[in-house]
Amino acid sequence: QVQLVESGGGLVHTGGSLRLSCAASGRTFSSYGMGWFRQAPGKEREFVATINWSGTSTYYADSVKGRFTISRDNAKNTVYLQMNSLKPEDTAVYYCAGTVRLGTATTYTSYDYWGQGTQVTVSS
């Protein structure tokens, strides 16, 4: 069993930056692919970014490509999402997710574990 706890959300102005963290319990963190998803009010949960077990492969949604960076530190059992040049449309609850697959994954159903989410609000 893996537990995921997100942190780092908050309120920021347009153009600002935030770094989200996701701390994982369990000694097998380094064997999990990890991802970030987000859900805005009234919308479905959508894929944001994913990283493979070793951190050597990443993939991003077109809407965040060039602005967001996903990374991981297996020694700290933590995955990060650096968000720059934030826009009001980035406002959502951001969720960290883990998959027992070693590689990257972009679909909601590919993930086995989920955090509770952290709110990101970007004001115009």
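Structure's up top.
Rules used in this analysis
Residue numbers run consecutively from 1 along every chain, following the written order of its sequence. A pLDDT threshold of at least 70 governs which residues receive local features in this predicted model, and a stricter bar of 80 or more applies before side-chain atom pairs are shown or counted, although totals over entire chains, interfaces and linings include all residues. Excluded from the side-chain calculation are hydrogens and water; included are all heavy atoms of the structure. Elements are defined by DSSP. Helices are runs of H or I of four residues or more, strands are runs of E of two residues or more, and each kind is numbered from the N terminus. In this description the radius of gyration comes from C-alpha coordinates, and the expected globular size is given by 2.2 Å times residues to the power 0.38. Burial here depends on accessible area, computed with a 1.4 Å probe over protein chains only, as a share of the maximum for the residue type. Under 20% is buried, over 50% is exposed, and the range in between is partly exposed. By definition in these notes, contact holds between two residues if any of their heavy atoms fall within 4.5 Å. As used throughout, the charge tally considers Lys and Arg to be positive and Asp and Glu to be negative, leaving His and the chain termini uncounted. The atom standing in for a charge is NZ when the residue is Lys, CZ when it is Arg, CG when it is Asp and CD when it is Glu. Residues belong to a common nonpolar core when they are buried Ala, Val, Leu, Ile, Met, Phe, Trp, Tyr or Cys residues joined through side-chain atoms within 4.5 Å. Disulfides are defined in this document as cysteine sulfur pairs within 2.5 Å.

**Student:** Explain the overall build of the chain to me, please; I cannot follow it from the model alone.
**Tutor:** The secondary structure content of the chain amounts to zero helices and 11 strands. From first element to last, N terminus to C terminus, the chain shows the α and β order β-β-β-β-β-β-β-β-β-β-β. For the chain, the C-alpha radius of gyration of 13 Å lies close to 14 Å, the compact-globule estimate for 124 residues. Considering only C-alpha atoms, the chain reaches an extent of 40 × 25 × 25 Å along its principal axes. Going through the 124 residues of the chain one by one, you find that 44% of them count as buried. Partitioning the contacts of the chain with sequence separation of at least 6, the portion at a separation of at least 24 is 59%. For the chain, the centre of its 11 positive side-chain charges and the centre of its 8 negative side-chain charges are spaced 5 Å apart.

**Student:** Explain the nonpolar core to me, please; I cannot follow it from the model alone.
**Tutor:** Most often, soluble globular proteins have nonpolar side chains that are buried together. Ranked by size, the top nonpolar core spans 35 residues in total, and within it Met34, Trp36, Val79, Leu81, Met83 and Tyr94 carry the most contacts. Secondary-structure elements contributing two or more residues to this core are strand E3 (18-24), strand E4 (33-39), strand E5 (46-51), strand E7 (68-73), strand E8 (78-83), strand E9 (92-99) and strand E11 (118-123).

**Student:** Teacher, can you tell me more about the state of the cysteines here?
**Tutor:** By definition, a disulfide is the covalent link that joins the sulfur atoms of two cysteine residues. Counting across every chain of the model gives one disulfide. One disulfide in the model links Cys22 with Cys96; its S-S distance is 2.1 Å. Disulfide Cys22 to Cys96: torsion about the S-S bond roughly -75°, handedness left-handed. Highlighted residues: Cys22 in strand E3 and Cys96 in strand E9, separated in sequence by 74 residues. Exposure class is identical for Cys22 and Cys96. Each is buried.

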